[in-house]
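Here is what each chain is made of, one letter per residue.
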Amino acid sequence: MTEKLTTQITLTRNLAAPAANTSAAAGLLKILIAAQATGTAVQWAEADATAPKLKQPYWVTLCDTQTILYDANAVVRYLYKVGNLALGDRLAVEQALEWEEKTLSVLPAEDLGAILAAGEGQANVLSAHAPATAVSVVLFGTLYYALSNTKASLIGKYPALQEWYTQQLASTAVSSALPAFTANVSHFDMRLEVIKVLVREEPSLDNRRVNPDIAFEFDPSKIVLPEAGAKNVLITSALPYVNNVPHLGNIIGSTLSADVFARYSRVRGHNTLYICGTDEYGTATETKALEDGVTCQELCDKYHRVHKEVYEWFDLSFNYFGRTSTKKHSEIVQGVFGQCVENSYVLEKEVPQLFCEQCSRFLADRFVEGTCPKCAYDDARGDQCDKCGTLLNAIELIDPRCKLDNNRPIVVTSMHQFIDLNMLQPQCEAFVNKASVDGGWSTNSLAITHNWLKEGLNPRCITRDLKWGVP
């Protein structure tokens, strides 16, 4: 299939030896294997110290034409005379090399798992090209670092790739090229330990780096209660809203970071309780349910399962993952509310709101659109104008309209309950003064909290005009 070219090339070293996990090292390996496979002699040279330095760590000079090639894949194409192949064979080679150049080689070198998975996904391409052919040489050069630096137990998860790798190592061209490759790359890589972490391994007593006297165990079925005399740690994530599928930003921003701390706290031997759950009540759920044509309960049941499956896939170590629409949650909220009423911390106020007579509902800000009173933009939202950036109250909009049916709402006064935070300011200040010292609060947390206290706490509305919420 491949016509070989017997010739000689000069490989000029320019910079320090490339690190073994870099694309420069992968390119060097490709060149050396291709030279062995095609019977091409390699003459090593050093760059002229007095000449202007180039960024390339090495380059190849074709001795018959004195042409200089800087790209390793271009050298492979030349040595195998890919351009002279029959059209069908050439297309097969170019398609494989294009995948390597645009997909495989651009993956982060430290993400060994992604590289191995990508290689396994191209099992049909790997098996279609025999060892020491142009495609095999290029793919082996790119995959070699990941394959040679991953534990056998993990490579076993990629059987097609493992079999192909074994076949490549057994070829004469590869076995002959590896000694020269090893001698001309740098194997001291400060990122090596990070790389081992990024490859997903099951935690065990053998691969942990903690005090061996501390148990590395997590049993989600175990009920965690406060223990007298122990360091009791309660960890909660910001509750993910249930009207959508969580994306990576949601996970990194709350649940994953809390999970890391929970694992750290458990390894330290602290009595740790990590709790989370889906936030299911509110206007956003009502809106999404209307859009999907389902009840709020049906919507929450669907997305709670989705969230739970996603977090289980990430192996987040919640002691309990619940939901706010349960009877127990309502009992807790009602109990807290009852205590606030008993202590005279709740007051009532009339609040003007937009009411849609067609929908027979009060409209939250997200249900209202209209003309901005500042810039006259005719598609401003009930909480903000996207054109001028002004923050708005829905009743400030000119010619407001309901997003659900496009009718004009009216202003209706509604009675709401507020928690009278200014009555609680002395207790809040005392708590902050003690907890910030005992807990070692950050400077930023202290600055924001003290700023709120300095301005004075104001009553906060704790009720909404909606059907889907804690009764």
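Presented here is an overview of the structure given in this document.

Conventions used here
- Residues numbered from 1 in each chain as written.
- Predicted model: local features only at pLDDT ≥ 70, side-chain atom pairs only at ≥ 80, totals over all residues.
- Heavy atoms only, no water.
- Core = buried A, V, L, I, M, F, W, Y, C linked by side-chain atoms within 4.5 Å.
- Buried < 20%, exposed > 50% of the residue type's maximum accessible area, 1.4 Å probe, protein only.
- Helix = DSSP H or I, 4+ residues; strand = E, 2+ residues; numbered from the N terminus.
- Contact = heavy atoms within 4.5 Å.
- Pairing = 2+ DSSP bridges.
- Axes fitted to C-alpha atoms, helices over the stretch in contact; angles between N-to-C directions.
- Polar contact = N/O pair within 3.5 Å; in protein donor to acceptor, adjacent residues only side chain to side chain.

All right, on to the nonpolar core then. Counting 56 residues, the largest nonpolar core has W164 and F181 as its most contacted members. The dominant element in this core, judged by the number of residues it contributes, is helix 6 (residues 134-148), at eleven residues. Setting aside residues no more than four positions away along its own chain, F181 makes contact with A25, L28, L29, L32 and Y144.

Take the sheet that holds strand 12 (residues 398-402) next. With antiparallel pairing, three strands are arranged side by side in an open sheet as 11-10-12. What marks the edges here is a single partner per strand, and that holds for strand 11 (380-381) and strand 12. As paired elements, strand 10 (residues 368-371) and strand 12 share three bridges and run antiparallel to each other. The residue of strand 12 that forms the bridge with E369 is R401.

Pairing is mixed in the open sheet, where four strands are placed in the order 2-1-3-4. The sheet terminates laterally at strand 2 (41-46) and strand 4 (68-69), the two strands that pair on one side only. Inspection of the sheet shows strand 3 (residues 58-62) paired to strand 4 by two bridges, in the antiparallel sense. Opposite T61, over in strand 4, you have I68 as the bridge partner. Each of strand 1 (8-13), strand 2 and strand 3 touches helix 1 (residues 23-38); the most contacted strand, strand 3, lies at about 30 degrees to it.

With that settled, the discussion passes to unusual backbone geometry. Even without glycine at this site, D315 takes up a positive phi of about 60 degrees. With respect to the helices and strands, the residue D315 is situated in the loop between helix 13 (296-313) and strand 7 (320-323). Taking relative accessible area as the criterion, D315 reaches 37% and is therefore assigned partly exposed. Of note, A376 is a non-glycine position whose phi angle comes to about 70 degrees, a positive value. Here A376 lies in the loop between strand 10 and strand 11.

Now for the environment of T166. Topologically, T166 is positioned in helix 8 (residues 159-170). Looking at T166, the relative accessible area reads 49%, which means it is partly exposed. For T166 and V42, which are 124 residues apart along the polypeptide, the C-alpha to C-alpha distance reads 26 Å. Separated by 3.0 Å, the side chain of T166 and the backbone oxygen of Q162 make a polar contact.

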